[in-house]
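Fold and geometry: a report
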Amino acid sequence: MKTNNLEETVLHLPSHQRAELARKLLLSLEELDEQEIAQAWHAEAMRRAEELDTGQADTVASEDARMAAQALLR
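Anyway, here's the lowdown on the structure attached to this text. (Residues numbered from 1 in each chain as written. Predicted model: local features only at pLDDT ≥ 70, side-chain atom pairs only at ≥ 80, totals over all residues. Heavy atoms only, no water.)

Comments concerning the overall build of the protein
For the record, the criterion: The numbering of helices and of strands both runs from the N terminus, where a helix is a DSSP run of H or I of at least 4 residues and a strand a run of E of at least 2. Burial here depends on accessible area, computed with a 1.4 Å probe over protein chains only, as a share of the maximum for the residue type. Under 20% is buried, over 50% is exposed, and the range in between is partly exposed. For the accessible areas, the method is Shrake-Rupley and the probe is 1.4 Å, while residue cover comes only from the protein chains on display. Only four residue types enter the tally: Lys and Arg on the positive side, Asp and Glu on the negative side; His and the chain ends are excluded. Taken as the charge centre is NZ of Lys, CZ of Arg, CG of Asp or CD of Glu, depending on the residue.
A count of helical and extended segments in the protein gives four helices and zero strands. When the helices and strands of the protein are listed from N to C terminus, the series reads α-α-α-α. Once the C-alpha set of the protein is aligned to its principal axes, its extents read approximately 55 × 35 × 20 Å. Burial statistics for the protein: of 74 residues in total, 1% are counted as buried. For the protein, the exposed area adds up to about 6900 Å²; of that, 57% sits on carbon and sulfur atoms. Between the centroid of the 8 positive side chains of the protein and the centroid of its 15 negative side chains there is a distance of 9 Å.

Quick notes on the pattern of salt bridges
The criterion, for reference: Basic side-chain nitrogens of Lys or Arg form a salt bridge, by our definition, when they fall within 4 Å of a carboxyl oxygen of Asp or Glu.
Following the criterion strictly, the structure yields seven salt bridges and no others. When the shortest N-O distance is used, the salt bridge between Arg 47 and Glu 44 registers 2.5 Å. Residue Arg 47 and its partner Glu 44 are located together in helix H3 (residues 34–54), separated by three residues, close to a single helical turn. Here the salt bridges share partners, and the residues they tie into one network are Glu 20, Arg 23, Lys 24 and Glu 34.

Section: H3
Just so we agree on the cut-off: A helix's residues, less one, multiplied by 1.5 Å, set its expected span. Two N or O atoms count as a polar contact when they lie within 3.5 Å, although within protein this holds only if one can serve as hydrogen donor and the other as acceptor, and sequence-adjacent residues are included solely when both atoms are side-chain atoms.
With 21 residues, H3 should cover 30 Å at 1.5 Å per step; its first-to-last C-alpha distance of 30 Å lies within 8% of that length. Two or three places before Gln 35, at the start of H3, stands the capping residue Asp 33, its side-chain oxygen 3.1 Å from that residue's backbone nitrogen. Positioned one or two residues after H3, Gly 55 has a phi angle of 80°, which is positive.

Looking at the environment of Leu 52
Formally: The contact criterion used throughout is that any non-hydrogen atoms of two residues lie within 4.5 Å.
Looking at the element boundaries, Leu 52 is found in helix H3. With relative accessibility at 52%, the residue Leu 52 sits in the exposed group. Apart from the residues lying within four places of it in its own chain, the contact partners of Leu 52 are Ala 57 and Thr 59.

Given below as structure tokens:
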């Protein structure tokens, strides 16, 4: 099947099937498997939580973060 035919077929799938296919395609580009990725994100979350707990991380008020994000979208 040619790429453009495949693309046309895939774009007609229901959104949940397209999302699952996209997830699988993105995972196929990763060097780590899904479990290794989950472990890496867990380790990163723990590292960030430790930084917050020890005062090593700079924090931003939610309103300031919201305003900065909105400014980027303008």
